[in-house]
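What follows is the residue order along each chain.
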Number of protein chains: 4
Amino acid sequence: MKLIRDPIHGYIEISDKMNKIISDPYFQRLRYIKQTAMAYMVYPSMLHSRFEHSLGVMHLAREFARYVISNSGLKDEEGLIQMIALTGLLHDIGHVAFSHTFENFLLLANQVYGLKVKEEGKKTHVNYGTYLIENVLGSIIDKEFTEFYPDPVKFITDVLKESPRNYEEKLALSLISNYVDADRSDYLLRDSYYAGVSYGRFDIERLKRFLVFIDGKLAIYSKATPIVEQFLLSRMYMFENVYFHSVTGVYNAILSHAMVEMLEKNIISLPTEPKDFLQLLDIEIYSNLDKVKEEFKNAIMFRQGYKRIKYDITGKCLVKFNEIKDEIYEDMKESQGLFLYHEFNDVPYEEKEEAVYIFDGERVEKLTSVSPIIRSLSEIKKAVIAYSSKAERVAEKYENVIQECKTLGP
Amino acid sequence: MKLIRDPIHGYIEISDKMNKIISDPYFQRLRYIKQTAMAYMVYPSMLHSRFEHSLGVMHLAREFARYVISNSGLKDEEGLIQMIALTGLLHDIGHVAFSHTFENFLLLANQVYGLKVKEEGKKTHVNYGTYLIENVLGSIIDKEFTEFYPDPVKFITDVLKESPRNYEEKLALSLISNYVDADRSDYLLRDSYYAGVSYGRFDIERLKRFLVFIDGKLAIYSKATPIVEQFLLSRMYMFENVYFHSVTGVYNAILSHAMVEMLEKNIISLPTEPKDFLQLLDIEIYSNLDKVKEEFKNAIMFRQGYKRIKYDITGKCLVKFNEIKDEIYEDMKESQGLFLYHEFNDVPYEEKEEAVYIFDGERVEKLTSVSPIIRSLSEIKKAVIAYSSKAERVAEKYENVIQECKTLGP
Amino acid sequence: MKLIRDPIHGYIEISDKMNKIISDPYFQRLRYIKQTAMAYMVYPSMLHSRFEHSLGVMHLAREFARYVISNSGLKDEEGLIQMIALTGLLHDIGHVAFSHTFENFLLLANQVYGLKVKEEGKKTHVNYGTYLIENVLGSIIDKEFTEFYPDPVKFITDVLKESPRNYEEKLALSLISNYVDADRSDYLLRDSYYAGVSYGRFDIERLKRFLVFIDGKLAIYSKATPIVEQFLLSRMYMFENVYFHSVTGVYNAILSHAMVEMLEKNIISLPTEPKDFLQLLDIEIYSNLDKVKEEFKNAIMFRQGYKRIKYDITGKCLVKFNEIKDEIYEDMKESQGLFLYHEFNDVPYEEKEEAVYIFDGERVEKLTSVSPIIRSLSEIKKAVIAYSSKAERVAEKYENVIQECKTLGP
Amino acid sequence: MKLIRDPIHGYIEISDKMNKIISDPYFQRLRYIKQTAMAYMVYPSMLHSRFEHSLGVMHLAREFARYVISNSGLKDEEGLIQMIALTGLLHDIGHVAFSHTFENFLLLANQVYGLKVKEEGKKTHVNYGTYLIENVLGSIIDKEFTEFYPDPVKFITDVLKESPRNYEEKLALSLISNYVDADRSDYLLRDSYYAGVSYGRFDIERLKRFLVFIDGKLAIYSKATPIVEQFLLSRMYMFENVYFHSVTGVYNAILSHAMVEMLEKNIISLPTEPKDFLQLLDIEIYSNLDKVKEEFKNAIMFRQGYKRIKYDITGKCLVKFNEIKDEIYEDMKESQGLFLYHEFNDVPYEEKEEAVYIFDGERVEKLTSVSPIIRSLSEIKKAVIAYSSKAERVAEKYENVIQECKTLGP
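Just so we're clear, the structure is a prediction, and the values are computed from it rather than from any experiment.

What counts, and at which threshold
Residues numbered from 1 in each chain as written. Chains lettered and ligands numbered in written order. Predicted model: local features only at pLDDT ≥ 70, side-chain atom pairs only at ≥ 80, totals over all residues. Heavy atoms only, no water. Helix = DSSP H or I, 4+ residues; strand = E, 2+ residues; numbered from the N terminus. Buried < 20%, exposed > 50% of the residue type's maximum accessible area, 1.4 Å probe, protein only. Contact = heavy atoms within 4.5 Å. Buried area = accessible area lost by both parts, 1.4 Å probe. Nonpolar A, V, L, I, M, F, W, Y, C, P; charged D, E, K, R; others polar. Least-squares fit on C-alpha atoms with pLDDT ≥ 70 in both. Polar contact = N/O pair within 3.5 Å; in protein donor to acceptor, adjacent residues only side chain to side chain. Pairing = 2+ DSSP bridges. Axes fitted to C-alpha atoms, helices over the stretch in contact; angles between N-to-C directions. Phe/Tyr/Trp six-rings, centres within 6.5 Å; stacked < 30°, edge-to-face > 60°. Disulfide = S-S within 2.5 Å. Expected span 1.5 Å × (residues − 1).

## Looking at unusual backbone geometry
Most peptide bonds take the trans configuration, and most residues that are not glycine carry a negative phi.
Residue and element names in this part refer to chain A.
Then, in step 1: Phi is positive for Asn 266, close to 60°, though the residue is something other than glycine.
Then, in step 2: By the secondary structure assignment, Asn 266 is in the loop between α12 (246-264) and α13 (276-279).
Then, in step 3: Look at Asn 266 and you get exposed, because its relative accessible area is 66%.

## Re the interface of chain C and chain D
Then, in step 1: Counting from both sides, the interface comprises 40 residues of chain C and, opposite them, 40 residues of chain D.
Then, in step 2: Taken over both partners, the interface formed by chain C and chain D buries close to 3,200 Å², and the fraction arising from carbon and sulfur atoms is 60%.
Then, in step 3: At the level of secondary structure, the elements contributing two or more residues to the side of chain C that touches chain D comprise β1 (2-6), α2 (25-28), α3 (50-71), α9 (182-195), α13 (276-279), α14 (282-286) and α15 (294-302) of chain C.
Then, in step 4: Take the side of chain C that touches chain D: its biggest share by element is four residues, from α15(C).
Then, in step 5: For the side of chain C that touches chain D, a count of residues per class yields 22 nonpolar, nine polar and nine charged.

## Topic: the relation of the copies chain D and chain B
Then, in step 1: Of the transformation superimposing chain D on chain B, the axial component is 0.1 Å and the angular component is 180°, with the fit at an RMSD of 0.0 Å. The transformation just described matches what one would write down for a two-fold rotation axis.
Then, in step 2: The residues that chain D uses at the interface reappear at the interface of chain B in 100% of cases, marking a shared surface.

## Some words on the interface of chain D and chain B
Then, in step 1: Counting residues at the interface gives 17 residues for chain D, matched by 17 residues for chain B.
Then, in step 2: Of the roughly 1,500 Å² buried at the junction of chain D and chain B (both faces included), carbon and sulfur atoms supply 53%.
Then, in step 3: In this structure, the connection of chain D to chain B is made through two residue pairs in polar contact (both at pLDDT 80 or more).
Then, in step 4: Counting only elements with at least two residues in the side of chain D that touches chain B, the list comes to α11 (225-243) and α19 (372-376) of chain D.
Then, in step 5: Among the elements that line the side of chain D that touches chain B, the one with the most residues is α11(D), at seven residues.
Then, in step 6: Here the residues of the side of chain D that touches chain B are counted per class, giving nine nonpolar, four polar and four charged.

## What to know about the sheet that holds strand β8 (residues 364-366) of chain C
Residues and elements named next belong to chain C.
Then, in step 1: The strand order β3-β4-β7-β8 describes an open sheet built from four strands, whose pairing is mixed. Each edge of the open sheet carries a strand with a single partner, namely β3 (211-214) and β8. Across the sheet, the mean angle separating the axes of adjacent strands is 45° when strand polarity is ignored.
Then, in step 2: Pairing geometry for β3 and strand β4 (residues 217-221), over four bridges, is antiparallel. Residue pairing across strands places Leu 211 opposite Ile 220, the latter belonging to β4.
Then, in step 3: Packing against the sheet, α3 makes contact with β3 and β4, and its axis sits at approximately 55° to β3.
Then, in step 4: Running at roughly 145° to β3, helix α8 (residues 167-176) makes contact with β3 and β4 of the sheet.

## Thoughts on the packing of aromatic side chains
Then, in step 1: By the definition in use, this model includes 87 aromatic pairs over all chains.
Then, in step 2: Between the aromatic rings of C:Phe321 and C:Tyr398, the centroid separation amounts to 6.2 Å while the plane-to-plane angle is 35°, which identifies the pairing as tilted. You can see C:Phe321 sitting in helix α16 (residues 315-323) and its partner C:Tyr398 sitting in helix α20 (residues 392-406), a full 77 residues away along the chain.
Then, in step 3: Residue C:Phe321 is classed as buried on the basis of its relative accessible area, which comes to 0%.
Then, in step 4: When its relative accessible area of 0% is taken as the criterion, C:Tyr398 is described as buried.
Then, in step 5: A centroid spacing of 5.6 Å and a plane angle of 55° characterise the contact between D:Tyr221 and D:Phe359, whose relative ring orientation is tilted. With D:Tyr221 in strand β4 (residues 217-221) and D:Phe359 in strand β7 (residues 357-359), the pair connects residues that are 138 residues apart, well separated along the chain.
Then, in step 6: For D:Tyr221, a relative accessible area of 24% translates into the label partly exposed.
Then, in step 7: The class for D:Phe359 is buried, based on a relative accessible area of 13%.
Then, in step 8: Three or more aromatic residues link up through ring pairs in this structure, and these residues are A:Tyr40, A:Phe98, A:Tyr286, A:Phe302 and B:Tyr32.

## A look at the state of the cysteines
Residue and element names in this part refer to chain B.
Then, in step 1: A complete count under the given rule lists four disulfides over all chains for this structure.
Then, in step 2: The residue that forms a disulfide with Cys 317 is Cys 405, at a sulfur-sulfur distance of 1.8 Å. What sets the handedness of the Cys 317 and Cys 405 disulfide is the S-S torsion sign, and at about 95° it is right-handed. On the criterion of sequence distance, the pair formed by Cys 317 in helix α16 (residues 315-323) and Cys 405 in helix α20 (residues 392-406) is long-range, its members being 88 residues apart. Both residues of the pair, Cys 317 and Cys 405, count as buried.

## Some points on helix α11 (residues 225-243) of chain B
Then, in step 1: Compared with an ideal rise of 1.5 Å per residue, which puts 19 residues at 27 Å, α11(B) spans 25 Å between its outermost C-alpha atoms and is within 8% of the ideal.
Then, in step 2: The element α11(B) is largely enclosed, with a buried count of 18 among its 19 residues.

## Observations regarding the sheet that holds strand β9 (residues 380-388) of chain B
Within a sheet, each strand pairs with its neighbour through backbone hydrogen bonds, oriented either parallel or antiparallel.
All names here are of chain B.
Then, in step 1: Reading across the sheet, the three strands line up as β5-β9-β6 and stay open at both edges, with antiparallel pairing between neighbours. At either margin of the open sheet sits one strand with a lone partner, and together these are β5 (306-308) and β6 (339-346). When strand polarity is set aside, the average angle formed by the axes of neighbouring strands in this sheet is 30°.
Then, in step 2: Pairing analysis gives eight bridges linking β6 to β9, with the strands arranged antiparallel. Paired with Tyr 341 across the strands is Ile 385, a residue of β9.
Then, in step 3: Where α20 meets the sheet, it contacts β5, β6 and β9, and its direction lies at approximately 145° from that of β9.

What follows is the structure, encoded as structure tokens:
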């Protein structure tokens, strides 16, 4: 057993079996992928990586599993708990350079630059992850975890692909990939710790003790409803103020364009075999910035040269911009990223099948039916425009569009 | 005025003049130099950089200056406060890749590998810093700060070189580079925050209110003596458990050897002109690891392959190892860093001229004369040995030396 | 100048003039009035007093005043800042034994037991306070603060009575008694600290920096809107989970009935002259519990003997109970408090004149017009029933009412 | 199972059996005994009680027991863990009004006022405690805990009286009453939380994981030696700055003299039968202050009228004062407590049988042999003088003694 000191959870206990996975280079590589890409341009010490986040998710998934199994009167299978922890550990194993910004770069390459790259949105890191689990880590997993569960690789990949076969996988899925889960719990607590903001905090000690699994659904005892509200509000605030901060967005957008130029020049390529994943880390991108437009390097590394039109594009303006999107894309492509338009959107909470349920001891109810606050949450949607001094003319054009649409009201 | 959110100090206020310096690429580059080099191998989220530390030192230096000026009945010169803050901001501007590990690499290149590189120990980053201030940042500094103080560049470099000309510079020096100062206060609080340990905390709110400048010396009111003790103990614990953690030491040593190989192969070179400082960042080293021994890359990036002889070499053993140092150095050179010996040492507190004084309202006394705890502190000195699997034979030899010297007692 | 260590605000600085007020027995007496009455039956260490809360409000009122004056371009009058701080210090000076529970006891004596006591709801402590300020503390206040402001006593009492004469008093009122103010800021942070819950926290460091006074209204810069939301949500959660916890409510209700019995038996009486305020503290009530029904003492001191009908009466049930209120009151009186019915209600936010405004740099807008979350907040209203074992029969009757109304839906 | 929210430990889990004890009036009474007596005169919110401390000790004793049993390879007996937790819960059950100040009052009554009261120093609350356990709580304990352990009452009283019969009781003793134990761990963390100081914090999460029981001794793995140092230093700082703060000392001394007067006037008496313990709470003393000298009431309740000679009597002065102690005692008695002399002393660490051991994996060593810092700790010993304005003449006399002895050096 090994103890790792963690600012969020105190000590994280690592079993010898789990340590076998963690020590593998394909897991260690996560140290070199920043959790929140360019957010450090606004919150300077958000330099933390997917590595510690993954350890944190493993820890919380294990805690959640313990409490939920006990609260639900399920058989106390240590094996199942281990499998859920392991799945938590590996849920982000497929991320590459700059995490979600890489996924955004693929989208951009496709939609704006017309490059024929395989693009699957936020599923990209999931697909990469299942590839790595099946082709690289599978043998260690089989060796170490078969005693806990038959075909552990299948268990993990089923859960990551959100195709659970049985109630164990369903439980794992509901604890790791849900509106209130171990993944989000860890990143809210962790990202707010590194940003130094209080938005992201909520009472995790209470939350984990009030989880229950009923009729194949994860529910929370009604006594803890306020924590679920806090949780979803925390997430909303983190999106509004940190993840979707317009300056963060600008630098992530520049980074995406820089990666497109690298792809076009064959400086980087998409991963096709395992060892590519050991290479495609943040460092790889930084160290190749010399080979693309110098405006990109100066901006990405030293926060130089790009200006932002100081107005968040929302509401009616956003509708207007959507109408002229083709033109915008054309301008972006034309200016080769010296002019940028970047959209953000996230849904704080949506009542889908895998939604959050509330259990009052008798009935299981949907969260929105018990919480007016949650009902008041709506999609976060905005956009931002930025440009290098070389692209002032095109920026001026959009500045005018904004001035006009602002008069239309919110 | 700009506000930067900081996990340690809440909000850091940045004046427009100060922001001119901070926005310069030569300051922004500090974002890419990890504060604590390879400590992240043990404390995964110690990925924070010299950038936020420098902001923190500026903030604390300003706070310290305000209180000390008020407590000492000095004339309340906003200009002096600004100069002290600016000096705090720039105290680490000369650091390059991996901070102090770079200085260790120069030592190693010299002493073990016999390379003729200019080596000035911990003064290296000070010299680089004064070079950058005089040759790059000087013009902005002159433009923005001359209204506060005549020849501001001279003020800063005098202080950094520890050659104060007058009482203002002496005050600045005593607040920025001392046993209890803004620099150490920030790094203890900050490094312990990212490590997630409680060692490094002390009551900064109280400390800053009890500073006084008497007869050209920085003193602390005797009511706050316990905080000074806590401060020095905090520092000692951070050295013992974090900075001098033997695993951290091993990876820093490997990194030093890797940099020597890069130097020998002309992959990197020492900075000779300003723009070199924009290049010589952590990224530069990581991205060149492909060109040196693969044992180095595997170790430095993925924590693979090196073993540590699990015994901290101290006391009589350390004496023994010092006697055979030439032989050890020879073996290191021979094995090209596949066998490593790394020494740590630091003095928690030494009663020198710039020592910490205690003021009881009547007399100024030396800290050791009032605190038995401080008198009990002694030099921290230990060493560690590690080796790659290819260097097992030489490791075995030293394993025997240890077995033998261990019998000699502590 | 004196420093008082405070867990919430670090150090609270006390000027010599302010210390004159604080040292007076009529201020010191606040040490013996618990801030949250019987909440310690649920959160054991909520034993903190109005004394430290009052210091905290003074501190925050001063901080708020400094920032708001600077942000609003008002003349930097240290005198006004001092007056606002002093008003904050004294805002709760009129509280007597068990704070608001005393006000509830007066209501109960009047409405249920038909005693002819002067009853002014939550204004009681305000009236007592202005009485003490005018008749006891006035002379010190005049002596110490007239140099800051003409007729300082009038300033304070105008503000506490919510009848501001001029913009200075209006500013003071808006900072001390408002939906987002120094009073609520302190009690949310403080009460949650002692309860050990995270509900009550919000980013006070950011909030205070974004206050502005425009057109005689307190507004918050729109960048800080999320904090205002957090603030109001914090308050709502604190009400739901702490202040209106049904067990807390039960014990506060028992205490009110016990005080009615004391009043009927002339063991206590309402304060009529200054020195009565030195006597009418929590201790006075506790030490007279021997003279009333032993069920009261056993319950109030040792948590013995009362049972709660484990159902929070809300919605349709609450309507039902309101219809039969006369009967309930009769049963309470009849059983002499061995059967209890206790109502709670609070409005998290209401758009009245003294509401919270948001300033986007151009326009001042109402909070509800910019925040759907705030619009979703509604009145908190519930009731709880409890009874001693001697009053089981009457309890049974209401148990049946509940069973019936529960079937009506929420 | 019940959860109690606690600011120090998060949630404290209470089993149904344990809840039977906690719900008893003889346990609930601890709510009305302040943990740190008059410390609230300096740290206003130190109003917390023995009740929550006792819950905290139960919690930590249980945690310590779990880890130590697992680390030491002892049989995992849930029964033993429960017994250790229960003993922790009851370790302070014998405290009466104002905790240790009551013990000090007995000493004063005896030594200075010549009253014949049974006086057993700090053993008083232990003796009272075993009395209550044997005569009141015994029957519930027997009923609920006999299934865990034969004769549970004997187990608890053996441990509290420090006369362990077997290894189980020895283990309990070493975890509950030792230099590093659950009792001290809780009070350091708790008292510093309410004081708002950072002195008392140490890494409890790490400490509890590194306990081991070897050869009938509690030891700590050498990796955690720094925490033991921090722990003992924390305790030293809390004594110097909080418990032995000279103002706190003055008010505790006044309180002791007031209680002597109450005893002499038969207003209070020592407890002789169980129900006396339900009465002898802080409230009892406060509510009888009207019947003793008004100087006492004014001081104790409202911080009025006593002056302190602003010099801590230590070193050579303390020796001098010890020489004239009879005269001082006479003056105290003569002035009936209007003149006071109060001594403080505590030993941070002493190497006795029940000392703290360090285990390096091979040998068990004494703490002082491995830690120079601990060797540097010495007894804390000082005294303070205070007087009411009515006793100025006698105060003057001792003022002169101090002036004289101060010239002798420290």
